[in-house]
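Coordinates in review
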Amino acid sequence: MNVAVVVFDLDGTLVDSSQDIRDALRFALLRVPRGQLSEECEEETLHKGYHGLPLEAFFERARPLAPKQALDAFILAYREHYYTHLLDTTRPFPGVVEGLLRLSAYR
């Protein structure tokens, strides 16, 4: 096999980072306490919409009534928390490390 480049998506493909992402989203939402439709809607948004959405789209769903300037505070708080805690619970999915080691043998 002659492979020059292999590209993977990290979050949700090689590693399960969903809890660390969700924790950062929840942390950031607490910094913007007004603007949600209800706590139930916010929980549903966290449960369904946190994975793969751009932060702007997530915020729009979670805080549809928030003032526009609240988005910047949300993104700043998200990044502050996530960059500090991004490996708290994130782990490779089963078999990923072994698969990458096998793939590296094709260099």
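Structure: above.
Right, let's walk through the structure included here. Note that the structure is predicted; figures quoted are calculated from it, not measured. Every chain begins its residue count from 1, and numbering advances along the sequence as written. The predicted origin of the model limits local features to residues at a pLDDT of at least 70 and limits the giving and counting of side-chain atom pairs to 80 or more, whereas totals for whole chains, interfaces and linings rest on all residues. With hydrogens and water stripped out, all remaining heavy atoms of the structure feed into the side-chain values.

**Considering a nonpolar patch on the surface**
- Taken together, the side chains of V6, F8 and L100 present a nonpolar region at the surface, about 240 Å² in accessible area.
- Under the scheme applied here, a residue whose accessible area is under 20% of the maximum for its type counts as buried, over 50% as exposed, and between as partly exposed, the area being computed with a 1.4 Å probe on protein chains only. Taking relative accessible area as the criterion, F8 reaches 42% and is therefore assigned partly exposed. Patches here are clusters of residues that have more than 30% relative accessible area and form no salt bridge, with a 9 Å joining cutoff for like charges and a 5 Å cutoff for nonpolar side chains (Val, Leu, Ile, Met, Phe, Trp, Tyr). Only the protein chains shown count as cover for residues, and all accessible areas are computed by the Shrake-Rupley method using a 1.4 Å probe. When a carboxyl oxygen of Asp or Glu is within 4 Å of a side-chain nitrogen of Lys or Arg, the pair counts as a salt bridge.

**Observations regarding the packing of helix 3 (residues 55–62) against helix 4 (residues 70–85)**
- Between helix 3 and helix 4, the shortest axis-to-axis distance is 10 Å and the interhelical angle comes to 120°. Viewed along their axes, helix 3 and helix 4 form a crossing whose handedness is right-handed. Judged by residue contacts, L55, E56, F58 and F59 of helix 3 engage A70, L71, F74, I75, Y78 and R79 from helix 4. Angles shown run from 0 to 180 degrees and are taken between the N-to-C directions of axes, each axis being a line fitted to C-alpha atoms and, for helices, limited to the stretch in contact. A run of H or I in DSSP becomes a helix once it reaches four residues, and a run of E becomes a strand once it reaches two; helices and strands are each numbered from the N terminus. By convention, the crossing between two helices is left-handed when the near helix turns anticlockwise from the far helix through less than a right angle, and right-handed when the turn is clockwise. Two residues qualify as a contact provided that any one of their heavy atoms is within 4.5 Å of a heavy atom in the partner residue.

**A look at the nonpolar core**
- Here the nonpolar core consists of buried residues drawn from Ala, Val, Leu, Ile, Met, Phe, Trp, Tyr and Cys, with membership extended through side-chain atoms lying within 4.5 Å. The biggest cluster of nonpolar side chains holds 20 residues, and the ones touching the most others in it are L25, L29, L55, F58, F59, F74 and Y78.
- Top element by residues in this core is helix 4. It accounts for seven residues.

**Some remarks on the packing of helix 1 (residues 18–30) against helix 4**
- Axis separation between helix 1 and helix 4 bottoms out at 8 Å; the angle between their running directions is 140°. Taken together, helix 1 and helix 4 sit at an angle that is classed as oblique. Crossing of helix 1 against helix 4: the hand is right-handed. For the pair helix 1 and helix 4, contact is made by D20, I21, D23, A24, L25, F27, A28 and L29 and by F74, A77, Y78, E80, H81, Y82 and H85, respectively.
- Ten residue types, Ala, Val, Leu, Ile, Met, Phe, Trp, Tyr, Cys and Pro, are classed as nonpolar, four, Asp, Glu, Lys and Arg, as charged, and the remainder, Gly among them, as polar. When its residues are assigned to classes, the contact of helix 1 with helix 4 shows ten nonpolar, two polar and three charged. Should an angle fall under 35 degrees it is called roughly parallel, over 145 degrees roughly antiparallel, and 65 to 115 degrees roughly perpendicular, with every other angle called oblique.

**Focus: the environment of P64**
- Along the polypeptide, P64 turns up in the loop between helix 3 and helix 4.
- Residue classification places P64 among the partly exposed residues on the basis of a relative accessible area of 38%.
- Separated by 29 residues in the primary sequence, P64 and G35 place their C-alpha atoms 6.0 Å from one another.
- What P64 contacts, discounting residues up to four positions off in sequence, is G35, Q36, L37 and F59.

**Re the pattern of salt bridges**
- Scanning the entire structure with this criterion turns up two salt bridges.
- One salt bridge connects R22 with E43, and the closest N-O pair in it is separated by 3.4 Å. Highlighted residues: R22 in helix 1 and E43 in helix 2 (residues 39–49), separated in sequence by 21 residues.
- A relative accessible area of 16% places R22 in the buried class.
- Exposure remark for E43: the relative accessible area of 34% places this residue in the partly exposed category.
- Notably, a salt bridge pairs R26 with E43, separated by 2.7 Å at the nearest N-O pair. In this pair, R26 sits in helix 1 while E43 sits in helix 2, placing the two residues 17 residues apart along the sequence.
- Overall, R26 belongs to the partly exposed group, its relative accessible area being 30%.

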